[in-house]
Amino acid sequence: MDSFIEHHSNSSGLYLKVNKILHSERSKYQEILVFENEFFGKVLVLDNLVMTTTKDEFIYHEMLAHVSLRSHPNPKNILIIGGGDGGTLREVLKYPINKVLLVEIDEKVIEVSKKFFSELSSSFNDKRVEVIIMDAIKWVKNESRKFDVILIDSTDPIKIAEGLISEEFLFNLKKLVFENSIVCMQSESPFYHIDTIRTIYQRFKKIFSNAYIYTAPIPTYPGGYWSFTISFQSLEYPKIRNYYFIEDLKFYHDEMYDAVFKIPKFLKDAIE
Ligand code: AG3
């Protein structure tokens, strides 16, 4: 294999030259591939979809974690659904939290990340982290702990992740939130997955009482442009509610907080 292509539609996609394949296996759930690309560094691919790369992972992980964590007055207990590469975990641990629980379906993703993406996965060694290897859709049915912030860091909502945007799952998840908890889900590309975004947005609004969308540029994801859907529940609207000092940020900073919620017209029109 000297090149990798992720098809974004029948006539477009992302091309990456493969310098070297570092790992390739079929886990119980999916095809896992890690290769080296000169420009993006190491690339993690699940079922032919690019999940993260050394060069641009900071954008996705910072934007998923910090917009939510900043919005809560005092985030102490955090839940991450998916996120087996450890990138979101790394960002969450930059806060003075008590505990973060990560529920990942595929332990092989964690293993592979520990081996090839130590800059993401070293966070698994932190004492505040608990990992449960289980399908979150099943797990949520029997869980009763509550969380201040819930981050859903999944693959595209097809195949094994499809159920994570279902009403049933989101209703079950609601048992695990306090009135002022924040729930945020990665919600795909405004260019390629507008129907998915609308579905997530509408369901969030219905189940968690309000929903907002914010976006970020992510070079290796479809359209180079990504969305996140967030609910503030009784907190009602986006606002920075804590100013804990956080180190080592490369993308997110507080001056951009309000701006990321100003979404383009085509996206605004499409979700309502
Ligand atoms: N999760 C969202 C990646 C979706 C990318 N989709 C695609 N390439 N079609 C990323 C997991 C990183 N923690």
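For the structure itself, look to the data block above.
Predicted model only: the values in this text are computed from it and were never measured.

**Side note on the sheet that holds strand β11 (residues 177–186)**
Alright, step 1. Spatially, the seven strands line up as an open sheet ordered β9-β8-β7-β10-β11-β13-β12, and their pairing is mixed. Across the chains shown, the open sheet's two edge strands, defined by having one partner strand only, are β9 (129–133) and β12 (212–217). Averaged over all pairs of adjacent strands, the angle between their axes in this sheet comes to 20°, without regard to strand direction.
Alright, step 2. Relative to β9, strand β8 (residues 99–104) is paired through five bridges, and the arrangement is parallel. Each residue of the ladder has a partner; that of Leu-101, found in β9, is Glu-130.
Alright, step 3. Along the sheet, helix α1 (residues 57–71) contacts β7 (77–82), β10 (147–153), β11, β12 and β13 (225–231); its crossing angle with β10, the most-contacted strand, is approximately 160°.
Alright, step 4. Against the sheet, helix α7 (residues 194–208) touches β11, β12 and β13, its axis set at about 10° to β13.

**Concerning the site of the ligand**
Alright, step 1. In the region of the ligand, 14 residues are neighbours, and Glu-6, His-61, Asp-85, Ser-154 and Asp-156 sit closest.
Alright, step 2. Here a nitrogen atom of the ligand sits 2.9 Å away from a polar atom, N or O, in the side chain of Asp-153.
Alright, step 3. The separation between a nitrogen atom of the ligand and a polar main-chain atom of Ser-154 is 2.8 Å.
Alright, step 4. Summarising the interface, the protein chains cover 98% of the accessible area of the ligand, which totals 400 Å² for the free molecule.
Alright, step 5. At the level of secondary structure, the elements contributing two or more residues to the shell around the ligand comprise β6 (49–53) and α1.
Alright, step 6. Within the shell around the ligand, the residues separate by chemical class into seven nonpolar, three polar and four charged.

Here is what the cut-offs are and how they apply
Residues numbered from 1 in each chain as written. Predicted model: local features only at pLDDT ≥ 70, side-chain atom pairs only at ≥ 80, totals over all residues. Heavy atoms only, no water. Pairing = 2+ DSSP bridges. Helix = DSSP H or I, 4+ residues; strand = E, 2+ residues; numbered from the N terminus. Axes fitted to C-alpha atoms, helices over the stretch in contact; angles between N-to-C directions. Contact = heavy atoms within 4.5 Å. Near = heavy atom within 4 Å. Polar contact = N/O pair within 3.5 Å; in protein donor to acceptor, adjacent residues only side chain to side chain. Areas by Shrake-Rupley, 256 points an atom, 1.4 Å probe, with all protein chains shown as cover. Nonpolar A, V, L, I, M, F, W, Y, C, P; charged D, E, K, R; others polar.

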